[in-house]
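The primary structure of each chain is shown beneath.
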Amino acid sequence: MTWITREKVKVDRVACPWLIRKFIDPKAEFVFLPADTNWSKINEGIVYDLPNCELGHHGEGVSFDSILKKHALNDPAIRLLAEIVRAADSHPTNPHAAGEGLRWIAHGFSKLGLSEHNRLDREFILCDALYAECKERSESNENK
């Protein structure tokens, strides 16, 4: 499946492809188009993280949340990671403390001059590490 969004990825537009490849479609392809693209003309693939799309921001939720909901992903570690992504990408009323660090790192990656796909390759490792930490923390909370 092809997934389509805006170029110049940072937090949510990195976390979403990681989530999609890890839990939904390991062979997913990602296309990054300029922000001024006429999105109504896109009729193939799945658009995400765009204004007024199903897999976009809704209320305090970010696109990561929309994808979790649509695909019924209820893993506690993924839910914890979603809190961090939400805090890093938007301004929720009760942000997770780790969100600010993720925001700094994501914005730092955007300053390295890497292509979108190169950025995904490098930042997926960060997502894997965050997920591992979230998994450990959520499992230890379940065992209390």
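Presented here is an overview of the structure given in this document.

## Some details on the packing of aromatic side chains
For the coordinates displayed, the defined rule picks out four aromatic pairs. An angle of 70 degrees between the planes, with centres 6.2 Å apart, marks the rings of tryptophan 3 and tyrosine 48 as edge-to-face. Of this pair, tryptophan 3 sits in strand β1 (residues 2-6) while tyrosine 48 sits in the loop between β3 (46-47) and α2 (63-70), and the two are 45 residues apart along the sequence. Residue class for tyrosine 48 comes out buried when judged on its relative accessible area of 0%. A connected cluster of aromatic rings, assembled from ring pairs, spans Trp18, Phe23 and Tyr131.

## A word on the state of the cysteines
Working definition: the covalent bond between the sulfur atoms of two cysteines is a disulfide. On inspection of all chains with the given rule, the structure shows zero disulfides. Of all cysteine sulfurs in the structure, the one in cysteine 16 sits closest to cysteine 127, which takes part in no disulfide; the separation is 9.7 Å. Residue class for cysteine 127 comes out buried when judged on its relative accessible area of 9%.

## Brief notes about unusual backbone geometry
Within the chain, lysine 8 stands out as a residue other than glycine whose phi angle is a positive 60 degrees. Locating lysine 8 in the fold gives a position in the loop between β1 and α1 (12-24). In this structure, alanine 72 takes a positive phi of about 50 degrees despite not being glycine. Note on placement: alanine 72 falls in the loop between α2 and α3 (76-89). Looking at alanine 72, the relative accessible area reads 54%, which means it is exposed.

Scoring rules and cut-offs
- Residues numbered from 1 in each chain as written.
- Predicted model: local features only at pLDDT ≥ 70, side-chain atom pairs only at ≥ 80, totals over all residues.
- Heavy atoms only, no water.
- Phe/Tyr/Trp six-rings, centres within 6.5 Å; stacked < 30°, edge-to-face > 60°.
- Helix = DSSP H or I, 4+ residues; strand = E, 2+ residues; numbered from the N terminus.
- Buried < 20%, exposed > 50% of the residue type's maximum accessible area, 1.4 Å probe, protein only.
- Disulfide = S-S within 2.5 Å.

These figures come from the coordinates and say nothing about function on their own.
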